[in-house]
Amino acid sequence: MTVRTSYLGLLQSAGFIEVDAVDLTAEYLATQHRWLAATLRHEEGLRGALGDDAVGAGIERRQRTVNAIEEGLLLRTLYTATR
């Protein structure tokens, strides 16, 4: 099922007022870059503590997230509203 209504529209139709949206994609990207850099910086210790599979999967997941944001496929928005 595909929803063709925006989140703002859904919130308004649910009776919320003073609905606002703030794009936090740039901040989310910066956070992902910091997490990835920290993981790579401490990779050896993390692999010893968490195991190769867990650390490898985490690095791959973060890199896919970074790529998706940079390609415009992933956004992060903070919605606020009152009822």
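Summarised in this report is the structure supplied together with it. Keep in mind that what you see is a predicted model, and the values were worked out from it rather than measured.

## Details of the overall build of the protein chain
Move 1: On a plain count of helices and strands, the protein chain comes out with four helices and two strands.
Move 2: Element order for the protein chain, N to C, with α for helix and β for strand: α-β-α-α-α-β.
Move 3: Put simply, the protein chain has 83 residues, and 17% of those count as buried.
Move 4: For the protein chain, the centre of its 9 positive side-chain charges and the centre of its 11 negative side-chain charges are spaced 5 Å apart.

## Quick look at the side chain of Thr-65
Move 1: Inspection of the secondary structure puts Thr-65 in helix H4 (residues 52-70).
Move 2: What makes Thr-65 buried here is its relative accessible area of 16%.
Move 3: When residues no more than four places from it in sequence are discounted, the contact partners of Thr-65 are Tyr-28, Gln-32 and Leu-74.

## Focus: unusual backbone geometry
Move 1: The backbone phi angle of Glu-18 is positive, close to 50°, even though this residue is not glycine.
Move 2: Take Glu-18: it is sitting in strand E1 (residues 17-23).

## Observations regarding a nonpolar patch on the surface
Move 1: Taken together, the side chains of Tyr-7, Leu-8, Leu-10 and Tyr-79 present a nonpolar region at the surface, about 370 Å² in accessible area.
Move 2: Ranked by residues supplied to the nonpolar patch, first place goes to helix H1 (residues 7-13) with three residues.
Move 3: Within the secondary structure, Leu-10 is located in helix H1.

Here is what the cut-offs are and how they apply
Residues numbered from 1 in each chain as written. Predicted model: local features only at pLDDT ≥ 70, side-chain atom pairs only at ≥ 80, totals over all residues. Heavy atoms only, no water. Helix = DSSP H or I, 4+ residues; strand = E, 2+ residues; numbered from the N terminus. Buried < 20%, exposed > 50% of the residue type's maximum accessible area, 1.4 Å probe, protein only. Lys, Arg positive; Asp, Glu negative; His and termini not counted. Charge placed at Lys NZ, Arg CZ, Asp CG, Glu CD. Contact = heavy atoms within 4.5 Å. Patch = residues over 30% accessible without salt bridge, like charges linked within 9 Å, V, L, I, M, F, W, Y side chains within 5 Å. Areas by Shrake-Rupley, 256 points an atom, 1.4 Å probe, with all protein chains shown as cover. Salt bridge = Lys/Arg side-chain N within 4 Å of Asp/Glu carboxyl O.

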